[in-house]
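# Examination of the molecular architecture
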Amino acid sequence: MPQEDTKAMQLPKQRPIFLTILCILSFIGSITSIVINGIGFFKSETEVLQIKSGVEKTQLKNIFSSDKTADDAAMSLSNLTPDNFEKFSIGGVVSALLCLVGVVLIWTFKKSGFYSYVLGTFFYLITHFLLFGDNMGAMSLSFIWAIIQLLIVILLSRFLYVMDRD
């Protein structure tokens, strides 16, 4: 009888609302990243041609390259080849899968999910710097995405006290 009382008194953990919002946004972002990087892998040649030719002009690209000469623009895009773009897409898919697994584990209050998410975020950054170095060029949006993920890691770290040890 005493066991039934203690089991009945144990309430399920309350998930903080902000953690729920972060998990949902991270889940959507991970799925989207898997899809976008998968498409980027299969269409790497056309993607690289569009980026290099300037067909896909964005406000962000215009901000970063508004006062550069043609030689500076060519130098910043020198690492952008279809082969590097395919490798970067594979790295992006692996990173997004690690983040997705991490978010699912965080949703179930597992601390290992946080570490998986951190690993996925740093894997994305490392892939970016190994393939493109510090020349941002047209890949500056991927760097900004990595900074956003680092911000999410910092916000998720605030909720480590809620998660159980595995």
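Read on for a plain summary of the structure.

Rules of the game
Residues numbered from 1 in each chain as written. Predicted model: local features only at pLDDT ≥ 70, side-chain atom pairs only at ≥ 80, totals over all residues. Heavy atoms only, no water. Helix = DSSP H or I, 4+ residues; strand = E, 2+ residues; numbered from the N terminus. Buried < 20%, exposed > 50% of the residue type's maximum accessible area, 1.4 Å probe, protein only. Contact = heavy atoms within 4.5 Å. Areas by Shrake-Rupley, 256 points an atom, 1.4 Å probe, with all protein chains shown as cover. Patch = residues over 30% accessible without salt bridge, like charges linked within 9 Å, V, L, I, M, F, W, Y side chains within 5 Å. Salt bridge = Lys/Arg side-chain N within 4 Å of Asp/Glu carboxyl O.

### Notes on the overall build of the protein chain
Scanning the protein chain for helices and strands turns up eight helices and zero strands. Its helices and strands in sequence order give the protein chain the pattern α-α-α-α-α-α-α-α, from N to C terminus. For the protein chain, buried positions account for 36% of its 166 residues. Here the analysis covers contacts within the protein chain between residues at least 6 apart in sequence; of these, 79% occur between residues at least 24 apart. Accessible surface computed for the protein chain: about 10,300 Å², of which carbon and sulfur atoms make up 68%.

### Brief notes about the side chain of Gln149
Relative to the helices and strands, Gln149 is located in helix α8 (residues 140-157). Using a relative accessible area of 6% as the deciding quantity, one classes Gln149 as buried. Apart from the residues within four sequence positions on either side, Gln149 is in contact with Cys99, Tyr117, Thr121 and Tyr124.

### A look at a nonpolar patch on the surface
There is a patch of nonpolar side chains on the surface, built from Ile24, Phe27, Ile28, Ile31, Val35, Ile39, Val104 and Trp107 and spanning about 680 Å² of accessible area. Among the secondary structure elements, those contributing two or more residues to the nonpolar patch are α2 (17-42) and α6 (82-107). No other element matches α2, which puts six residues into the nonpolar patch. Looking at the secondary structure, you find Trp107 in helix α6.

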